[in-house]
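Coordinate analysis (summary)
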Amino acid sequence: MRGVLIDGAAVASPAAPAAGESAPFDPDLPWQRARSVALRPEPFGALVYHFGNRKLSFLKSKLLVSVVESLADHPSATATLVACGVPEAQRGAYVKALADLVRSQMIEARAPLPPTARRLPAGPCSGAGLEEL
Amino acid sequence: MTAVLPTRPERPVGGRLIDQFEYGLDAPICLTWELTYACNLACVHCLSSSGRRDPRELSTAEAEGVIDELQRMQVFYVNVGGGEPTVRPDFWHLLDYAIGHDVGVKFSTNGIKLTKARAEQLARTDYVDVQISLDGATAEVNDAVRGTGSFATATRALANLAEAGMKDTKVSVVVTRENAGQLDAFKALTDSYGAQLRLTRFRPSGRGADVWDQLHPTMAQQKDLYQWLLANGENVLTGDSFFHLSAFGEALPGLNLCGAGRVVCLIDPVGDVYACPFAIHEEFLAGNVRSPGGFQRVWQTSELFADLRSPQTGGACTKCAHFDACRGGCMAAKFFTGLPLDGPDPECVQGYGETALAARDASTVTPRSHLDHSHTGPVRGQPTMLGMPGIPVKICDESPLAGADLR
């Protein structure tokens, strides 16, 4: 996996079995960073590590890092992109990047929360902030 | 007088990952941690000149402190080695401690301690990888460099691991002139244990410098190796160590870049932090984990690492058409053969290395490490490659005079 926003398997992980079958990516459903995945901030974005399949991947945009981290705070991936201020022209690339991350099991489907029970925490993507973090 | 600070190039925004890696990461992707200089073997090409334990080696509590720090820094796995790491009495404790702190472990061993019981224990443990070192696909080739009986020890460990159901065991081979013709045999041997083959490059580090002229692959062997890796690369690990071969043409899979001090480093048994496992020399010593601020401060603030974290802009190699493929090759290989760090790798596949080696003048003194933990007395099963008489595995096996030099 190699793209504008993500670079995966650039460095051999000690054991990286092939990702299993996973659901196709629908940006209108709720998603979250997989529970067995850690994001480590780096100057260019983040290193993504999956403790289960031991795959390593790299997010090459800080905005994408914010998107992945705040997926869980929004009702859908599309809503997350809007909240994070991803420019309209780049949304397609971001949707593709998220689909790649689903394929490599870095993000996973989330059961929708009842709309009244939620309060969005103040975070990088909570306001209308358009600045790239 | 105004002090002028040297300016370092600024990290670009976006672009290729390899260009980002040149500027270093906030923490290593993985690092090598040698737990002890003690080893039961005396391999002729040992990269760390191991043999005897160093009295200053990190205590159990200090080693746990390093693991705590790696967890905080989100270093998700370490390559543990030595010496022979499993001869440390607290090895199994430290293994569990690391795994319990989200630091996965891949450890390299000659197999001496991998009994059936240990193999079963490892097979039950998630997040651990075992790598058995083997430098010949036959006992004859292996034992000449690693010592009599070491092939049997390694294959016994492999059999124990396979029998216990251990997954993804690695067989780690340093490619030399003696075994470069055995690549298919290594693959077959590895497959027979359900294991995965890992090939790495032989560097003139540690005792490797003493035998480099005799053991480093010939140019023809390098070419064959390159073709073999292109054909088999999907299923063979290399630690991305053969990136200098990419200058033959098509790039090999993986990171084609020297990661020293940028994305990898070495913590040695006494806690010293070097730019890379093949660079145990004061020139590449960045600090010690025992100093205030620990490993994190060394990684993030050492002047040496800051110097390494910029792209190479000068030197003969930057003018070469293949520079983008090999990036000048291996820093340690150049250093320990007395070549300039901004010049060609001694095994440069375009032939510039041979020219550079030939051009060294007679007064060139190749650098030696300040450390040598080699055994000082005879070692059981001592390798015979250097033409020394072997010490029998058990000195009185045949007759009380077996192995004695009676001349």
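Cut-off values and rules
- Per-chain numbering applies: the sequence of each chain, read as written, is numbered from 1 onward.
- The naming scheme follows written order: chains are lettered A onward, ligands numbered 1 onward.
- Local features are withheld for residues below a pLDDT of 70 in this predicted model, meaning they are given only at 70 or higher, and side-chain atom pairs are given and counted only at 80 or more; totals for whole chains, interfaces and linings count all residues.
- Hydrogens and waters are ignored; side-chain quantities use all the structure's heavy atoms.
- UniProt positions are given in the numbering used here, feature names are shortened, and annotations may be inferred rather than shown by experiment.
- The way it works is that DSSP assigns letters per residue, a run of H or I at least four long becomes a helix, a run of E at least two long becomes a strand, and they are numbered from the N terminus.
- For two strands to pair, DSSP has to find at least two bridges joining them.
- Any pair of residues with heavy atoms lying within 4.5 Å of one another is described as a contacting pair.
- Axes here refer to lines fitted to C-alpha atoms; in helices the fit is confined to the stretch in contact. Angles between the N-to-C directions go from 0 to 180 degrees.
- Any Lys or Arg side-chain nitrogen found within 4 Å of a carboxyl oxygen on Asp or Glu counts as a salt bridge.
- Think of it in three bands: residues with accessible area under 20% of the maximum for their type are buried, residues over 50% are exposed, and the middle band is partly exposed, with areas taken using a 1.4 Å probe on protein chains only.
- Computed with a 1.4 Å rolling probe, the buried area is the accessible surface lost when two parts are put together, summed over both parts.
- When the strands point away from the viewer and the connection leading from the first strand across the helix to the second strand turns clockwise, the crossover is called right-handed.
- Side-chain rings of Phe, Tyr and Trp (the six-membered ring for Trp) are treated as a pair once their centres are within 6.5 Å; stacked means planes under 30 degrees apart, edge-to-face means over 60, and tilted covers the remaining angles.
- By definition here, charges over rings are those cases where NZ of Lys or CZ of Arg is within 6 Å of the ring centre and within 35 degrees of the ring normal.
- Roughly parallel means an angle under 35 degrees; roughly antiparallel, over 145; roughly perpendicular, 65 to 115; everything else is oblique.
- Handedness of a crossing follows from how the near helix is turned relative to the far one, being left-handed for an anticlockwise turn of less than a right angle and right-handed for a clockwise one.
- For this classification, Asp, Glu, Lys and Arg are treated as charged, while Ala, Val, Leu, Ile, Met, Phe, Trp, Tyr, Cys and Pro are nonpolar and the rest, including Gly, are polar.
- What the arc describes is the spread of directions from the helix axis to the C-beta atoms.
- Here a cavity denotes a set of grid points, spaced 1 Å apart and computed over the protein atoms alone, in which a 1.4 Å probe fits but from which it cannot get out, and a pocket denotes an open set meeting protein on both sides within 12 Å along at least five of seven lines; residues with an atom within 4 Å of a point are reported as lining.
- Grid points are joined across faces, edges and corners, and a volume is the space filled by probe spheres set on the points.
- Side-chain atoms within 4.5 Å link the members of a nonpolar core, which is a set of buried Ala, Val, Leu, Ile, Met, Phe, Trp, Tyr and Cys residues.

As named in an unreviewed UniProt entry, chain B is Mycofactocin maturase MftC, taken from Goekera deserti. Its UniProt record, at the heading Cofactor (unreviewed entry), says of chain B: "[4Fe-4S] cluster".

With numbering aligned to this structure, UniProt lists the feature "domain: Radical SAM core" (unreviewed entry) at residues 25-234 of chain B. Annotated as residues 25-234 of chain B, this span is 41% helix and 18% strand, and its ends, taken at the C-alpha atoms, are 27 Å apart.

The next point concerns the sheet that holds strand S5 (residues 170-175) of chain B. The pairing of strands in a sheet comes from backbone hydrogen bonds and takes either a parallel or an antiparallel form. Residue and element names in this part refer to chain B. Taken in spatial order, the 9 strands line up as S6-S5-S4-S3-S2-S1-S7-S8-S9 in an open sheet, and their pairing is mixed. A strand with exactly one partner marks an edge of an open sheet, and here the two such strands are strand S6 (196-201) and strand S9 (285-288). Pairing between strand S4 (residues 128-133) and S5: 3 bridges, direction parallel. Along S5, the bridge assignment pairs Gln-131 with Lys-170. Here helix H2 (residues 60-72) sits on the sheet and contacts strand S1 (30-36), strand S2 (77-82) and strand S7 (266-267); the angle it forms with S1, its principal contact strand, is near 175°.

Moving on to the pattern of salt bridges. Following the criterion strictly, the structure yields 23 salt bridges over all chains and no others. In this structure, the salt-bridge partner of A:Lys96 is A:Asp100, at a minimum N-O distance of 3.3 Å. Remark: A:Asp100 and A:Lys96 occur in helix H3 (residues 91-103); sequence separation between them is 4 residues, near one turn of the helix. Taking relative accessible area as the criterion, A:Lys96 reaches 53% and is therefore assigned exposed. Taking the shortest distance from any N to any O, the salt bridge between B:Asp90 and B:Arg88 comes out at 2.7 Å. On the accessibility criterion, B:Arg88 (9% relative accessible area) is buried. Sharing partners across several salt bridges, the network here consists of B:Arg16, B:Asp19, B:Glu22, B:Asp324 and B:Arg327.

The next point concerns the interface of chain A and chain B. Tallying the contact residues gives 21 residues for chain A and 25 residues for chain B. Between chain A and chain B, the buried area comes to about 2100 Å², and carbon and sulfur atoms account for 63% of it. Linking chain A with chain B are 1 salt bridge. Ionic pairing is found between A:Arg54 and B:Asp129, a salt bridge with its closest N-O pair at 2.7 Å. In terms of residue count, strand S3 (residues 37-42) of chain A provides more of the side of chain A that touches chain B than any other element does, 5 residues in total.

The next thing to look at is the pairing of S1(B). Residue and element names in this part refer to chain B. Here S1 lies mainly inside the structure; 7 of its 7 residues are buried. As for the winding sense of the linkage, the β-α-β connection from S1 through H2 to S2 is right-handed. Relative to S7, S1 runs parallel, the two sharing 2 bridges. When the bridges of S7 are listed, Trp-33 appears paired with Ile-267.

Taken as a whole, this structure holds 17 aromatic pairs over all chains when the rule is applied. Ring geometry for A:Phe51 and B:Phe76: centres 5.4 Å apart, planes at 90°, overall edge-to-face. Of this pair, A:Phe51 sits in the loop between strand S4 (45-50) and strand S5 (56-59) while B:Phe76 sits in the loop between H2 and S2, which puts the two residues in different chains. Take B:Phe76: its relative accessible area is 4%, and that puts it in the buried class. A ring pair is formed by B:Phe295 and B:Trp299, whose centres lie 6.3 Å apart and whose planes are at 35°; its orientation type is tilted. Here the residue B:Phe295 and the residue B:Trp299 both occupy positions in helix H10 (residues 294-301), the gap between them amounting to 4 residues, near one helical turn. According to the relative accessible area criterion, B:Phe295 is buried, its value standing at 0%. Here the aromatic residues A:Tyr49, A:Phe51, B:Phe76, B:Tyr77 and B:Tyr127 are joined through ring pairs into a cluster of three or more. Here the basic side chain of B:Arg309 rests over the ring of B:Trp299, its NZ or CZ set 4.5 Å away from the ring centre.

What follows deals with the packing of H2(B) against helix H3 (residues 91-100) of chain B. All names here are of chain B. Where H2 meets H3, the closest approach of the two axes is 10 Å, and the angle between their N-to-C directions is 20°. One way to sum up the angle between H2 and H3 is to call them roughly parallel. Read as a crossing pair, H2 and H3 show a hand that is right-handed. Packed against H2, whose contacting residues are Thr-60, Ala-63, Glu-64, Ile-67 and Asp-68, the element H3 presents His-93, Leu-94, Tyr-97 and Ala-98 at the interface. Broken down by class, the residue content of the contact of H2 with H3 amounts to 5 nonpolar, 2 polar and 2 charged.

We now examine helix H8 (residues 208-215) of chain B. Residues and elements named next belong to chain B. Along H8, the residues classified as buried are Gly-208, Val-211, Trp-212 and Leu-215. For H8, the angular spread of buried residues about the axis comes to 140°, placing them on one side. The inward-facing, buried residues of H8 contact helix H5 (139-146) and helix H14 (352-359).

All names here are of chain B. Approximately 470 Å³ is the volume found for the second largest pocket. In terms of lining residues, the second largest pocket is bounded by 23 residues, among which Arg-262, Leu-308, Gln-312, Met-331 and Leu-341 are the most central. If you list the elements that add at least two residues to the lining of the second largest pocket, you get helix H11 (303-308) and helix H13 (331-335). It is H11 that contributes the most residues to the lining of the second largest pocket, 3 residues altogether. Considering only residue class, the lining of the second largest pocket consists of 10 nonpolar, 6 polar and 7 charged.

Okay, the nonpolar core next. In terms of nonpolar packing, the biggest core is built from 100 residues, with B:Phe21, B:Phe107, B:Leu122, B:Leu199 and B:Phe295 touching the most fellow members. Top contributing element to this core by residue count: H3(B), with 7 residues. If sequence neighbours within four positions are ignored, B:Phe107 has contacts with B:Val80, B:Thr86, B:Phe91, B:Leu95, B:Leu114, B:Leu122, B:Val128, B:Asp129, B:Val130 and B:Gln131. Ranked by size, the runner-up nonpolar core spans 28 residues in total, among them A:Val65, A:Tyr94, A:Val102 and A:Ile107.

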